[in-house]
Amino acid sequence: HPDERAILMKGGDMHTPSLPQLGQLLDPEISPLNPRWFPYGSFPLYLLKFAGEALGKIREPLTLAGTAILGRSLSAILDTLSVLVVYLLGSRLYSRKVGLLGAVLTAFAVLHIQLSHFYAVETVMTLFVLLTLLFLWRLMERGSAWSAILAGVFLGLALATKVSAAPLLLTATGAGLLFIFKGDGGSLGIAPQAKGRVLRGIWLILLTCAFAFLAFAIAQPYAFLDWRRFLADGHGSLDGGRWLKLEPVH
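Conventions and cut-offs
- Residues numbered from 1 in each chain as written.
- Predicted model: local features only at pLDDT ≥ 70, side-chain atom pairs only at ≥ 80, totals over all residues.
- Heavy atoms only, no water.
- Helix = DSSP H or I, 4+ residues; strand = E, 2+ residues; numbered from the N terminus.
- Buried < 20%, exposed > 50% of the residue type's maximum accessible area, 1.4 Å probe, protein only.
- Contact = heavy atoms within 4.5 Å.
- Areas by Shrake-Rupley, 256 points an atom, 1.4 Å probe, with all protein chains shown as cover.
- Patch = residues over 30% accessible without salt bridge, like charges linked within 9 Å, V, L, I, M, F, W, Y side chains within 5 Å.
- Salt bridge = Lys/Arg side-chain N within 4 Å of Asp/Glu carboxyl O.
- Phe/Tyr/Trp six-rings, centres within 6.5 Å; stacked < 30°, edge-to-face > 60°.
- 1 Å grid on protein atoms, 1.4 Å probe; cavity = no way out; pocket = protein on both sides within 12 Å on 5 of 7 lines; lining within 4 Å.
- Points joined across faces, edges and corners; volume = space filled by probe spheres on them.
- Nonpolar A, V, L, I, M, F, W, Y, C, P; charged D, E, K, R; others polar.
- Core = buried A, V, L, I, M, F, W, Y, C linked by side-chain atoms within 4.5 Å.
- Axes fitted to C-alpha atoms, helices over the stretch in contact; angles between N-to-C directions.
- Parallel < 35°, antiparallel > 145°, perpendicular 65-115°, else oblique.
- Left-handed = near helix turned anticlockwise from the far one by under 90°.
- pLDDT = per-residue confidence, 0-100.

**Some words on the overall build of the protein chain**
Within the protein chain, the secondary structure is distributed over 11 helices and two strands. Buried positions account for 44% of the 250 residues belonging to the protein chain. Nonlocal contacts in the protein chain, meaning residues at least 24 apart in sequence, comprise 64% of its contacts between residues at least 6 apart. Of the roughly 13,900 Å² of accessible surface on the protein chain, 69% is carried by carbon and sulfur atoms.

**Quick look at a nonpolar patch on the surface**
Side chains of Ile77, Leu81 and Leu84 sit close together on the surface and give an oily, nonpolar patch of about 260 Å² of accessible area. Here Ile77 lies in helix 3 (residues 64–93).

**Focus on the packing of aromatic side chains**
Within the structure shown, the criterion is met by eight aromatic pairs. For the pair Trp37 and Tyr40, a centre-to-centre distance of 6.3 Å together with 75 degrees between the ring planes defines the contact as edge-to-face. This pair shows no difference in class: Trp37 is buried, exactly as Tyr40 is. Plain terms: the ring middles of Phe135 and Phe154 are 5.8 Å apart, the flat faces sit at 25 degrees to each other, and that makes the pair stacked. Highlighted residues: Phe135 in helix 6 (residues 121–142) and Phe154 in helix 7 (residues 145–159), separated in sequence by 19 residues. Accessibility expressed as a relative area gives 15% for Phe135, which makes it buried.

**Let's talk about the layout of surface pockets**
Of the voids in this model, the largest pocket is the one considered here, and its volume is about 250 Å³. Gly12, Lys49, Gly52, Leu62 and Thr67 are, among the 13 residues lining the largest pocket, the residues nearest its centre. Counting residues per element, the ones that place at least two in the lining of the largest pocket are helix 1 (2–13), helix 2 (43–58) and helix 3. Ranked by residues supplied to the lining of the largest pocket, first place goes to helix 2 with six residues. Of the residues assigned to the lining of the largest pocket, the class counts are six nonpolar, five polar and two charged.

**Observations regarding the nonpolar core**
By size, the foremost hydrophobic cluster in this structure holds 54 residues, and its most contacted members are Phe43 and Phe128. When residues in this core are grouped by element, the largest group, 11 residues, is from helix 6. Those residues in contact with Phe128, other than ones at most four positions away along the chain, are Phe43, Phe154, Leu157, Ala158 and Thr161.

**A word on the packing of helix 6 against helix 8 (residues 168–181)**
Packing of helix 6 against helix 8 brings their axes to within 7 Å, and their N-to-C directions diverge by 15 degrees. Relative to helix 8, helix 6 is oriented roughly parallel. When the axes of helix 6 and helix 8 are compared, the crossing they make is right-handed. Taking contact as the criterion, the partners of Val129, Thr132, Leu133, Leu136, Leu139, Met140 and Arg142 in helix 6 are, on helix 8, Leu168, Thr171, Ala172, Ala175, Gly176, Leu178 and Phe179. Residue classes in the contact of helix 6 with helix 8 are distributed as 10 nonpolar, three polar and one charged.

**Focus on the confidence of the model for the protein chain**
Confidence in the prediction for the protein chain averages 87 pLDDT; 89% of positions are at 70 or higher. pLDDT under 50 marks residues 236–250. Its contacts with residues more than four places away, or in other chains, come to 26 contacts.

And the structure:
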C-alpha cells in the first residue's frame, strides 16, 4: 500500500529527542519530530512512532517489517472500535436493533476490511469522526459541557489525521443550534424566556471548537510551527508515497 509505505518511511525518519534536544522541538528545520510531510495529518505518524518505541522498550527495537505489523494491528483495533461506536450511535439515535444492524454492516463492509489490513489514515480518522458524532449527539440532547469537550477533542484528532474531516466543524455548529431550538417534544422552536438556552448553545459551540483547536495543535503542532510547508503540501496530491504538485490539464 503506497500510503502505508510513505507513513512508515516518514515515521522512521523521526525520533524522540533526548532531554538536551528538547529545545530543538520549536525549530521546524532541525526538530526530530517534524515529519516535514503533510499530505496527511501527523497524528497517525506519532501514534505509530510512540507505540513502536514503547514496544521496543519491552522487547527488542522494531524493524521496519515489525513496525508495519504493529501499524496494521493498530489499524485493525481502531476499525473494530469503529464497529462498536456505530452500534452505540445506532442504538442512541434509533434502537438496539438498528445499532446492531449498522454494526454488522460495518463489520462486513469490504472497504473497512481492506483498509484495516494496512496502516493508513482512513481507519484512524473514521473512528474519530464517529466518536465526534456520538458526543455531538449527546451535546444536542443534553447540553453537556463534557460532551462538547470530548466532541472537540475527537474532532481535533480527526483533523490531525486528515484535514478532510473539516466539515465536521459545521456539524458541531449544527449540534449547538439544534440544542438551542430543540423543544421538549422534539419540535423546533424557542421560547422567548429561553435566553439562557441560547447562551448555553453558543457556549457549547465555542467550547467544542476551542478544544478541537487545542487537540489539533497538540497532535499536529508543526501545522503551525512549519506552516509554510503545511500550506504548500495542501496543493499537492499523494501518488505512490510521493507528494506531487497538481498540474492543470489542457
